[in-house]
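Residue-level listing of the chains:
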There are 4 protein chains.
Amino acid sequence: MKAAVMEGLKKPLVVRDVPDPVIDANGAVIRVEANGVCRSDWHAWVGDIEVASLPFVLGHEFVGVIEEAGKDVKRFKKGDRVIIPFSQGDGTCPECLAGHHNICDNSMMPGFHYWGGYGRYAAIPNADVNLVELPEEVSFEAGASIGCRFMTAYYGLVEQAKVRPGEWVAVHGCGGVGLSAIHIASAAGAIPIAVDIMPEKLEFAKKLGAAYVVNSREQNAPKAIKELTKGGAHVSVDALGISDTILNALLSLRKRGRHLQLGIASSENKMTALPTDYIVFKQIQFLGSLGMPAPYYPTMLQLVATGKLNPGLLVTKRISIEEAGKEIEAMTEFQTLGASIVTKW
Amino acid sequence: MKAAVMEGLKKPLVVRDVPDPVIDANGAVIRVEANGVCRSDWHAWVGDIEVASLPFVLGHEFVGVIEEAGKDVKRFKKGDRVIIPFSQGDGTCPECLAGHHNICDNSMMPGFHYWGGYGRYAAIPNADVNLVELPEEVSFEAGASIGCRFMTAYYGLVEQAKVRPGEWVAVHGCGGVGLSAIHIASAAGAIPIAVDIMPEKLEFAKKLGAAYVVNSREQNAPKAIKELTKGGAHVSVDALGISDTILNALLSLRKRGRHLQLGIASSENKMTALPTDYIVFKQIQFLGSLGMPAPYYPTMLQLVATGKLNPGLLVTKRISIEEAGKEIEAMTEFQTLGASIVTKW
Amino acid sequence: MKAAVMEGLKKPLVVRDVPDPVIDANGAVIRVEANGVCRSDWHAWVGDIEVASLPFVLGHEFVGVIEEAGKDVKRFKKGDRVIIPFSQGDGTCPECLAGHHNICDNSMMPGFHYWGGYGRYAAIPNADVNLVELPEEVSFEAGASIGCRFMTAYYGLVEQAKVRPGEWVAVHGCGGVGLSAIHIASAAGAIPIAVDIMPEKLEFAKKLGAAYVVNSREQNAPKAIKELTKGGAHVSVDALGISDTILNALLSLRKRGRHLQLGIASSENKMTALPTDYIVFKQIQFLGSLGMPAPYYPTMLQLVATGKLNPGLLVTKRISIEEAGKEIEAMTEFQTLGASIVTKW
Amino acid sequence: MKAAVMEGLKKPLVVRDVPDPVIDANGAVIRVEANGVCRSDWHAWVGDIEVASLPFVLGHEFVGVIEEAGKDVKRFKKGDRVIIPFSQGDGTCPECLAGHHNICDNSMMPGFHYWGGYGRYAAIPNADVNLVELPEEVSFEAGASIGCRFMTAYYGLVEQAKVRPGEWVAVHGCGGVGLSAIHIASAAGAIPIAVDIMPEKLEFAKKLGAAYVVNSREQNAPKAIKELTKGGAHVSVDALGISDTILNALLSLRKRGRHLQLGIASSENKMTALPTDYIVFKQIQFLGSLGMPAPYYPTMLQLVATGKLNPGLLVTKRISIEEAGKEIEAMTEFQTLGASIVTKW
Ligand SMILES: [Zn+2]
Ligand SMILES: [Zn+2]
Ligand SMILES: [Zn+2]
Ligand SMILES: [Zn+2]
Ligand SMILES: [Zn+2]
Ligand SMILES: [Zn+2]
Ligand SMILES: [Zn+2]
Ligand SMILES: [Zn+2]
Ligand SMILES: [Zn+2]
Ligand SMILES: [Zn+2]
């Protein structure tokens, strides 16, 4: 099959022919139709995240059509349109049995643990557990843009923070996760406030549903948010993982507020100093969330199908597989706004 | 003060001068600016619901401006714009102390237990507990249309059924409560299905946010809903209170579905035969809900202020206090679509 | 293998040799060490419940040791002590994927759909999903007595009604489910009230943890409970499934009370007349619950292991497999107190 | 009235006559029958916590009998036995209206903001909101020992961490809050593990219900707990407020575990370095909790009344009002085990 192959750290991806993937009785081969380009690809490419072995095929944000289903697969058959949650489980550990595949004791991620979506075909293990039907009404492009950042924001807001209509949601950091959180909060009837230091990101946030924006370089963000919301946000989201945004997010909350931690710290800075007395006196909840388990996809996809959620708004560029390597390399230099999707093979 | 006075059962309301209301140290006098005309007014007028004494001033869906606040009132002062939840509490029973004023052990309702919104002024007891600030962005008309049906639907869906984004919500009966439920479910990111037997009500439901409509005279509603939703609604709402709609609503649910009971049965038919085995085998929740306590208003009002909720869509007619009596009388003959509001004094 | 075989409706069970069970790659063969005798066995034996085919081996409340595990089974191996939840799932339907195997779209029950615990060996399909490790500290006898009634009561109270410390829990009907509910409520720090018409059952209920008992033949149960609890129970349990107890249970509740429906109606009487207005005005929750999914077992078993729960208190008789048939037959004549367990082979 | 009066920082309390307290129409005068001696009294006495003015009467853990009720008080009358939650509210802020008096926007604490329980009489403002009926079955001594530490632990575990039967609860720090948490967790059907560095405290913890103890000076507490619980505690409690115990508590959790923060940091050390990535990857919840609102008392008191909770186990000494000063002074030197209660006037 054709694939954009990573042959070494920081070496240009090579588009070439590689062996077709093979599956066991529980697996499925997917013909990839769209694959999102993610900063995590760049992290793997420069060596921050380790991949299984080299040469390797990256790609963890993809959708496609089942080319072949293993003989023990019950829920899917050749020809089915599917989306692949990147937080996959083995299906048998206690977390998976209870429906929490995203924190599986033996988690597997396509594009890191096994070959992913920069190949024309990908082999998914435990297909019954790790695939989700993509409704007809959801395009491949929209499906790919649900990727890892959108679904992470969705699960965190809806299932962990349990955001409710009319609540103020302050989202700190307007990268892919943060913009997704803003869009989702808005669709859920909440009132999103976007916080960032870059004006163009705040502008983009407005398009995605931010009711208000706060430039945290120009303003004291917690103070601005407390004034705007008359007391503080009901929910704050850290979408970056650095001490400044985590603290700003926490301090933006009203009493009984919920802080949703989505951002992951860089490796140098694993501990964050937090005001525990403040958490006690305000009865704050500080909630971690990771990815999204497959069983929670259908209601999210239904929202996309009915047009109430539009992850495609995050897509700013459609590229061919030949351009994928350059797109990843470009992330070394600058931060992109929105997402690029490989749609041409 | 000027008021439309009920002087006897089924006798035309008389607009005349009556004594100004008086308050104790905890009460507040409101200058009424808008008052919704409700079928419950008609029920009181014909004698289905008893009022405190005659002559009487009906009206339980009103907003206005504080004319005078008792000396012990802490949260409000003359000139404040306020909305009056009709499900009022004494503030000291166990339910009120825990924030559930709507099921107060000594509940008081304006327009039934004491004079209400068809007078130019109304005296609200326990003002700190029973008034809610009306945000500047919310017009008096919109405030009055939140009345009793909209807030009932809001509290039921958001706080009892805990509706979530992407869920299918089947609303059975498209009167004021049902239409409100459809509008609110849509704003909360759910996907509402409207069910009724009258085509014009279903048309109106679409304007308020129904994604799909089912005419239950022409179709088997549970069957149609199960097909549409591939398994049944996550939430069903009975907004009428008759056996047929309650049963249809229950049978529209998928496993683990929640049925929200908002409709009140007519007095002749207090018991409804329900399939308890079905409730067990599907792990259904059957949830009752009544009115809405004042502490839950602010997030709802914030949604109205930001335009995400538009209760004003339910308003089909603005009338003067002189026309109020005729409007109530007219309910004897036919059922109105949407709501009429007294806005002219 | 040796088994007590049902060869026809209402015919004495015959203890004889039958073929050993066989499994596929995902199944496991269990050597049965204890099997509870249940009224559902009697219902199958008289034909109220249909079994897969004749001859048949009943038995759905059993524990044992793995004799053989299929080659694809990951969580278990020969020699492991296990308990078999009777509400089993296929592991791949949406309910199973989300951890709700008890309401699987393709549910399978041992002793009804396939041969169960009255045989020396039983073959369990989807072993990774449908078996639970039995902690060393829990005896086979205690394990078997968790059977179907105890786990049903546990899941209903803890996961559906979410019973909390200090709450009044009124349990209507003191058969196996009801007595289990009383014992579990007590262990959870709630205050159980037992309701029945038979004094000896109420006496037994006290041994299992009932703080108070009400004889509903002698007293108006809802009235007695409301007086005792100063307002009504927080949680009521119907453990019988007949109109009288369901209604008594509902009417025993205080405002915002939760009714837990565990009892199944007899086939003649599938609809129960319920006061829906009362449910609205009191904001009652009426909650159905069925069996218990395997992923929820470990915390329950931990309670048994630490002695905080003692399902063995329900065991009143230990019998041999040769006596099993007579024990089932005897249920035609009278109702037993507590449970009998086959422990001798 | 007679009172033990604080006349200056670190000066011996003087037992002398002071003016009787006076109340307004909403207040109540309590004749104090028992008052707990708390380390917070010592903190106020040395100046760590500021009191309203000098001379002052400390005491925030007391119960008694109503001597006089203001004319607007509705729920109480002279002669009623009452308990006084120390986390009192004004009754009219948004938190109070919703039932969260413990985080009132204008919170008042007896013994800090106004004269408290070391006087024979105390005047409680907003009596309808800030008093709770003490059931006949609960002695004054038991009532006083519910004080501030027991109720804090109760509300945190039951209402914030929502501890459930069968869950492992690791309590870090066995002072008054920690011992209370152990006792409450046990009564709620959870399995408490006590963690401390002092063997005598661990011994005391066993008497209160600890199923296991871990000496964190001798063992790596998180490691020991993970082994014991096969994966980690479901709930961890920090009952001290220092970095070591907070971190140990967090690291003792299993996936989806809830950390309950009850301990307050000393003033020098307000920020605690926490592993936010760990919180994300394990989907941990970090929950702050403060005091306990009055409306949540009745179920807790019911547990004391029925003997399922026994706060009196924490009482190690009964003293007279004349001895109170010495008891507070003694805290300068050493840490006491359990609680002392003033019971003699
Ligand atoms: Zn990604
Ligand atoms: Zn897993
Ligand atoms: Zn009340
Ligand atoms: Zn109305
Ligand atoms: Zn039966
Ligand atoms: Zn299933
Ligand atoms: Zn059974
Ligand atoms: Zn201290
Ligand atoms: Zn307050
Ligand atoms: Zn204290």
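Please read all numbers here as calculations on a predicted model, not as lab measurements. Just so you know, the residues in each chain are numbered from 1, in the order the chain's sequence is written. Think of it this way: whatever chain is written first is A, whatever ligand is written first is 1, and the rest follow in order. A pLDDT threshold of at least 70 governs which residues receive local features in this predicted model, and a stricter bar of 80 or more applies before side-chain atom pairs are shown or counted, although totals over entire chains, interfaces and linings include all residues. The basis for the side-chain values is all heavy atoms of the structure; hydrogens and waters are excluded.

Visitor: Help me understand the relation of the copies chain A and chain D, please; the structure alone is not making it clear to me.
Guide: The pair of chain copies shares a relation made of a rotation about an axis and a shift along it. C-alpha atoms of residues with pLDDT of at least 70 in both copies form the basis for the least-squares superposition of the copies. Superposition of chain A onto chain D requires a rotation of 180° combined with a translation of 0.0 Å along the rotation axis, giving an RMSD of 0.0 Å. When the rotation and shift are considered jointly, the pair of chain copies conforms to a two-fold rotation axis. Taking C-alpha positions as the reference, the residue of chain A nearest the rotation axis is Ala273 of chain A, at 1.9 Å. The share of interface residues of chain A whose copies in chain D are also at the interface is 100%, consistent with both copies meeting through the same surface. Note on contacts: a residue pair is in contact if any heavy atoms of the two residues lie within 4.5 Å.

Visitor: Can you help me understand the packing of aromatic side chains in this one?
Guide: The description of two aromatic rings rests on the distance between their centres and on the angle between their planes. For Phe, Tyr and Trp, where Trp contributes only its six-membered ring, two rings pair if their centres lie within 6.5 Å, and the inter-plane angle classes them as stacked under 30 degrees, edge-to-face over 60, or tilted in between. Using the criterion set out here, one finds 8 aromatic pairs over all chains in the structure. With a centroid separation of 5.7 Å and 45° between ring planes, the pair formed by Trp168 of chain B and Tyr212 of chain B is classed as tilted. Here Trp168 of chain B, found in strand β8 (residues 168–172), pairs with Tyr212 of chain B, found in strand β10 (residues 212–215); they are 44 residues apart in sequence, far enough to count as distant. With 5.3 Å between their ring centres and 70° between their planes, Tyr155 of chain D and Tyr296 of chain D make a pair best called edge-to-face. Of this pair, Tyr155 of chain D sits in helix α5 (residues 149–160) while Tyr296 of chain D sits in the loop between β14 (285–288) and α11 (297–305), and the two are 141 residues apart along the sequence. Overall, Tyr296 of chain D belongs to the partly exposed group, its relative accessible area being 21%. A cation sits over an aromatic face here: Arg81 of chain B above Phe140 of chain B, 4.4 Å from the ring centre. Labels follow the DSSP assignment, with helices taken as runs of H or I lasting at least four residues and strands as runs of E lasting at least two, numbered in each case from the N terminus. A simple rule labels every residue: compare its accessible area, found with a 1.4 Å probe on the protein chains alone, to the largest value its type can have, and call it buried under 20%, exposed over 50%, or partly exposed in between. As a reminder, the over-ring test applies to NZ of lysine and CZ of arginine, requiring each to be within 6 Å of the ring centre and within 35 degrees of the ring normal.

Visitor: Is there a simple way to explain the interface of chain A and chain D in this structure?
Guide: The extent of an interface is frequently quoted as the accessible surface area lost upon association of the parts. Contact residues are listed per partner, giving 36 residues for chain A and 36 residues for chain D. A per-residue breakdown of the area chain A buries against chain D is headed by Lys255, Val280 and Gln283 of chain A, which together make up 19% of the total. For this document, the term salt bridge refers to a Lys or Arg side-chain nitrogen within 4 Å of an Asp or Glu carboxyl oxygen. At the boundary of chain A with chain D, the tally comes to 4 salt bridges. Arg256 of chain D serves as the salt-bridge partner of Glu95 of chain A, at 3.0 Å between the closest nitrogen and oxygen. Put simply, the parts of the chain that give the side of chain A that touches chain D at least two residues each are α5 (149–160), α9 (243–251), β12 (253–261), β13 (271–275), α10 (276–281) and β14 (285–288) of chain A. In the scheme used here, Gly and all other residues not listed as nonpolar or charged are polar, with Ala, Val, Leu, Ile, Met, Phe, Trp, Tyr, Cys and Pro taken as nonpolar and Asp, Glu, Lys and Arg as charged. Here the residues of the side of chain A that touches chain D sort into 19 nonpolar, 11 polar and 6 charged. At least two DSSP bridges between two strands are required for those strands to pair. Pairing geometry for β13 of chain A and strand β13 (residues 271–275) of chain D, over 5 bridges, is antiparallel. When the bridges of β13 of chain D are listed, Met271 of chain A appears paired with Pro275 of chain D. Buried area is a sum: the accessible area each of two parts loses on coming together, probed at 1.4 Å, counted once for each and added.

Visitor: How do you make sense of the sheet that holds β12 of chain A when you look at a structure like this?
Guide: Adjacent strands of a sheet form backbone hydrogen bonds with each other and so pair up, either parallel or antiparallel. The strand order across the open sheet built from 12 strands is β10(A)-β9(A)-β8(A)-β11(A)-β12(A)-β14(A)-β14(D)-β12(D)-β11(D)-β8(D)-β9(D)-β10(D), with neighbouring strands paired in mixed fashion. Of all strands in the sheet, those with a lone pairing partner are β10 (212–215) of chain A together with β10 (212–215) of chain D, marking the two edges. Across the sheet, the mean angle from the axis of one strand to that of its neighbour is 20°, orientation sign disregarded. Two strands pair when backbone bridges link them, and strand β9 (residues 191–196) of chain D and β10 of chain D are joined in this way by 4 bridges, in the parallel orientation. Within β10 of chain D, the position partnered with Val195 of chain D by the bridge is Val214 of chain D. Under this scheme, a helix contributes an axis fitted over its contacting stretch, all axes are lines through C-alpha atoms, and angles between N-to-C directions fall in the 0 to 180 degree range.

Visitor: Which parts of the structure should I look at to understand the coordination of the zinc ion (ligand 2)?
Guide: Ideal coordination angles are 109.5 degrees for a metal with four donors arranged tetrahedrally and 90 or 180 degrees for a metal with six donors arranged octahedrally. Protein coordination of the zinc ion (ligand 2) is provided by Asp90 of chain A (OD), Cys93 of chain A (SG), Cys96 of chain A (SG) and Cys104 of chain A (SG), with donor distances spanning 2.2 to 2.3 Å. Geometry at the zinc ion (ligand 2) is tetrahedral, judged from its 4 donor atoms and the angles of 96 to 120° they form at the metal. Think of the donor list as every N, O and S atom within 2.8 Å of the metal, or within 3.2 Å for Na, K and Ca; water never makes the list, so a site can look incomplete. Square planar and octahedral sites, with four and six donors, are those where opposite donors lie more than 155 degrees apart and all other angles lie between 65 and 115, tetrahedral sites have four donors with every angle between 85 and 135 degrees, and the rest are irregular.

Visitor: What exactly am I supposed to notice about the coordination of the zinc ion (ligand 9) here?
Guide: Distances from the zinc ion (ligand 9) to its protein donors, Asp90 of chain D (OD), Cys93 of chain D (SG), Cys96 of chain D (SG) and Cys104 of chain D (SG), fall at 2.2 to 2.3 Å. Coordination at the zinc ion (ligand 9) is tetrahedral, judged from the 4 donor atoms that bind it and the angles of 96 to 119° they form at the metal.

Visitor: Would you explain the pattern of salt bridges in this entry?
Guide: This structure, assessed with the given rule, holds 68 salt bridges over all chains. The partner of Arg16 of chain B in a salt bridge is Glu7 of chain B, with the nearest N and O atoms 2.7 Å apart. Overall, the relative accessible area of 37% leaves Glu7 of chain B in the partly exposed class. The shortest N-O distance in the salt bridge between Lys223 of chain D and Glu227 of chain D comes to 3.5 Å. One end of the pair is Lys223 of chain D and the other is Glu227 of chain D, both in helix α8 (residues 221–228) and 4 residues apart, which spans about a single turn. Since its relative accessible area comes to 53%, Lys223 of chain D is described here as exposed. What emerges from the salt-bridge pattern is a single network uniting Arg31, Glu33, Glu67 and Arg120 of chain A.

Visitor: What is the right way to look at the environment of Ala190 of chain D in this model?
Guide: All names here are of chain D. Tracing the backbone shows Ala190 in the loop between α6 (176–187) and β9. Assessed through its relative accessible area of 0%, Ala190 is described here as buried. It is 30 Å that separates the C-alpha atoms of Ala190 and Asn35, two residues lying 155 residues apart in sequence.

Visitor: What is the right way to look at unusual backbone geometry in this model?
Guide: Glycine aside, a negative phi is what most residues show, and trans is what most peptide bonds show. Of note, the amide linkage connecting Leu54 of chain A to Pro55 of chain A takes the cis form, showing an omega dihedral of -10°. One can find Pro55 of chain A in the loop between α1 (39–46) and β4 (62–69). Backbone geometry places Lys230 of chain C, a non-glycine residue, at a positive phi of 50°. With respect to the helices and strands, Lys230 of chain C occurs in the loop between α8 (221–228) and β11 (233–238).

Visitor: Could you clarify how one ought to interpret the environment of Gly147 of chain D in this entry?
Guide: Residues and elements named next belong to chain D. If you trace the backbone, Gly147 turns up in the loop between α4 (140–146) and α5. Sequence-wise, Gly147 and Ser186 are 39 residues apart; in three dimensions their C-alpha atoms are separated by 19 Å. Once residues within four sequence positions are removed from consideration, Gly147 is found in contact with Glu61, Phe86 and Tyr297.

Visitor: Got a minute to help me understand the pairing of strand β8 (residues 168–172) of chain A in this structure?
Guide: The two faces of a sheet get side chains in turn, since along a regular strand they alternate between them. All names here are of chain A. Among the 5 residues of β8, 5 are classified as buried, and the element is accordingly described as predominantly covered. Note: β8 against strand β9 (residues 191–196), 5 bridges, orientation parallel. Across the sheet, Trp168 pairs through a bridge with Ile191, a residue of β9. In this sheet, strand β11 (residues 233–238) lies alongside β8 in parallel orientation, the contact comprising 4 bridges. When the bridges of β11 are listed, Val171 appears paired with Val237.

Visitor: Sorry if this is basic, but what is going on with the sheet that holds strand β9 (residues 191–196) of chain B here?
Guide: An order of β10(B)-β9(B)-β8(B)-β11(B)-β12(B)-β14(B)-β14(C)-β12(C)-β11(C)-β8(C)-β9(C)-β10(C) is seen for the 12 strands of this open sheet, with the pairing classed as mixed. Looking at which strands have only one partner, the edges of the open sheet turn out to be β10 of chain B together with β10 (212–215) of chain C. Along the sheet, successive strands turn relative to each other by an average axial angle of 20°, direction set aside. Packing of helix α9 (residues 243–251) of chain C onto the sheet brings it into contact with β8 (168–172), β11, β12 (253–261) and β14 (285–288) of chain C, and relative to β12 of chain C it is tilted by some 150°.

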